[in-house]
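The lines below spell out each chain.
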Amino acid sequence: QVQLVESGGGLVQAGGSLRLSCAASGGSFSNYAMGWFRQAPVKEREFVAAISWSGIKVDYRASVKGRFTISRDNAENMMYLQMSSLKPEDTAVYYCGASRDSLYEYDFWGQGTQVTVSS
């Protein structure tokens, strides 16, 4: 069982940057693929980015490519999402997830961190 805790959310103006962190505990972090999802009000949760256990394979949703960077530090049991050139449409609760088998289907979730981008 992996426990995940997100941090780093907040209020930022359009064009600004934020770095989200996801701290993992209770499991072998390096065995899991990790990812970020987000959910805006009245919308379904959507995939944002994912990274393989080794960090070699990464994937992004089209709308964040070139603006967001996912990374992980297996020695520290941490995952990050560096977000730049933020837009109001990036406003959402951001969740980190851990997966035993896939970059796109997740077994464990954090509680989320709010990101609000003002125009």
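Quick note: structure is the one above.
This report concerns the structure included in the present document. (Residues numbered from 1 in each chain as written. Predicted model: local features only at pLDDT ≥ 70, side-chain atom pairs only at ≥ 80, totals over all residues. Heavy atoms only, no water.)

A separate point is the nonpolar core. Among the nonpolar cores identified, the biggest contains 30 residues, and L4, M34, W36, M79, L81, M83 and Y94 are the most heavily contacted of them. Of all the elements in the fold, those that place two or more residues in this core are β3 (18-25), β4 (33-39), β5 (46-51), β7 (68-73), β8 (78-83), β9 (92-99) and β11 (113-118). Counting residues in hydrophobic clusters, the runner-up holds six residues, among them A33, F47, L103 and Y106. (Core = buried A, V, L, I, M, F, W, Y, C linked by side-chain atoms within 4.5 Å. Buried < 20%, exposed > 50% of the residue type's maximum accessible area, 1.4 Å probe, protein only. Helix = DSSP H or I, 4+ residues; strand = E, 2+ residues; numbered from the N terminus.)

In terms of residue burial, β5 counts as a mostly covered element, since five of its six residues are buried. Here β4 runs beside β5; their pairing, made up of five bridges, is antiparallel. Its bridge partner lying in β5, G35 is registered against A50. Where β4 folds back onto β5 in an antiparallel hairpin, the turn is made up of six residues, including V42, whose phi is positive at roughly 60°. Bridge analysis of β5 against strand β6 (residues 58-60) gives three bridges, and the strand direction is antiparallel. Each bridged residue has a counterpart across the sheet, and for I51 the counterpart in β6 is V58. Taking the residues between adjacent antiparallel strands as the criterion, β5 and β6 are bridged by six residues, where G55 takes a positive phi near 85°. (Pairing = 2+ DSSP bridges.)

Another point: the pattern of salt bridges. For the coordinates displayed, the defined rule picks out five salt bridges. With a closest N to O distance of 3.0 Å, R38 and D90 form a salt bridge. Of this pair, R38 sits in strand β4 while D90 sits in the loop between β8 and β9; the two residues are 52 residues apart in sequence, bridging distant segments of the chain. Note on R38: relative accessible area 5%, which makes it buried. With a relative accessible area of 1%, D90 lands in the buried category. Across the pair E46 and R61 runs a salt bridge, and its minimum N-O distance is 3.5 Å. Here E46 is found in strand β5, whereas its partner R61 is found in the loop between β6 and β7, with 15 residues between them in sequence. Each member of the salt-bridge network shares a partner with another, and the members are R38, E46, R61, R67 and D90. (Salt bridge = Lys/Arg side-chain N within 4 Å of Asp/Glu carboxyl O.)

Per the counting criterion, the structure on display carries six aromatic pairs. Seen in terms of ring centroids, Y106 and W109 are 5.7 Å apart; in terms of plane orientation they differ by 50°. Their pairing is tilted. The exposure class assigned to Y106 is buried, which follows from its relative accessible area of 12%. Given a relative accessible area of 34%, W109 falls into the partly exposed group. An aromatic cluster is present here, built from F37, F47, Y104, Y106 and W109 joined pairwise through their rings. (Phe/Tyr/Trp six-rings, centres within 6.5 Å; stacked < 30°, edge-to-face > 60°.)

Turning our attention to the state of the cysteines. In protein chemistry, a disulfide is the covalent bond that joins the sulfur atoms of two cysteines. Following the criterion strictly, the structure yields one disulfide and no others. Across the disulfide from C22 sits C96; the S-S distance is 2.1 Å. Where C22 bonds to C96 through sulfur, the torsion about that S-S bond is close to 55°, and the disulfide is right-handed. Highlighted residues: C22 in strand β3 and C96 in strand β9, separated in sequence by 74 residues. A single burial state applies to C22 and to C96, both of which are buried. (Disulfide = S-S within 2.5 Å.)

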